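# Topology and contacts: notes
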Amino acid sequence: AELGIYLERALPIAREQQEKLTDLPRPEGDDREQIDRLLALLDQELAFNEAAQEAASEGDRATLDNQLQQGAAVSAEAGQLAEQLGFVVCARRA
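Note that this is a predicted model, so its numbers are computed, not measured. (Residues numbered from 1 in each chain as written. Predicted model: local features only at pLDDT ≥ 70, side-chain atom pairs only at ≥ 80, totals over all residues. Heavy atoms only, no water.)

## Here's the deal with helix H1 (residues 2-23)
Three- or four-residue spacings in an α-helix give side chains the same orientation, since the helix completes a turn every 3.6 residues. Which entries qualify depends on this criterion: Numbered from the N terminus, helices here are DSSP runs of H or I no shorter than four residues, and strands are runs of E no shorter than two. A helix's residues, less one, multiplied by 1.5 Å, set its expected span. Bend is the name given here to the angle between axes fitted to two runs of seven residues, the run ending at a residue and the run starting at it. Only protein chains enter the accessibility calculation, which uses a 1.4 Å probe; a residue is then buried when its area is under 20% of its type maximum, exposed when over 50%, and partly exposed in between.
Spanning 22 residues, H1 covers 32 Å between terminal C-alpha atoms, matching the ideal 32 Å at 1.5 Å per step. A bend of about 30 degrees at Ala10 is the largest found in H1, and the proline Pro12 appears one to four places after it. Looking only at H1, the buried set comprises Gly4, Leu7, Leu11 and Gln18.

## Examining the pattern of salt bridges
Put simply, the test is: One side-chain nitrogen of Lys or Arg within 4 Å of one carboxyl oxygen of Asp or Glu is enough to make a salt bridge.
With the rule as written, the count across this model stands at six salt bridges. Where Glu50 meets Arg15, a salt bridge forms, and the shortest distance between an N and an O atom there is 2.7 Å. With Glu50 in helix H2 (residues 30-58) and Arg15 in helix H1, this pair connects stretches of sequence that are 35 residues apart. For Glu50, a relative accessible area of 30% gives the class partly exposed. One salt bridge in this structure joins Arg61 and Asp65, with 3.1 Å as the shortest N-O distance.

## Concerning the side chain of Gln67
What counts here: Note on contacts: a residue pair qualifies if any of its non-hydrogen atoms lie within 4.5 Å across the two residues.
Positionally, Gln67 belongs in helix H3 (residues 61-85). A relative accessible area of 14% means that Gln67 is categorised as buried. The contacts of Gln67, once residues within four sequence positions are left out, are Phe48, Ala51 and Ala52.

Right under this line is the structure:
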């Protein structure tokens, strides 16, 4: 139940960040292909997390676990690609 609430609150933030990232200008050449791939992976991750939130709200633990696992795998791939591209992750503690 708590995870469902967390996802319900976090997903609008993730959607907004994804939209802002997608709206940024992209370089030409090889980096553009890699960035397009990264954005596609982030879209997939968001879709898995949305499905996980729906499963959590329905109490479907098996689907929830499956969606979270798939989302984590996509997230790991996206993280590796972002690192190769030189993206820097910034975090701020409240």
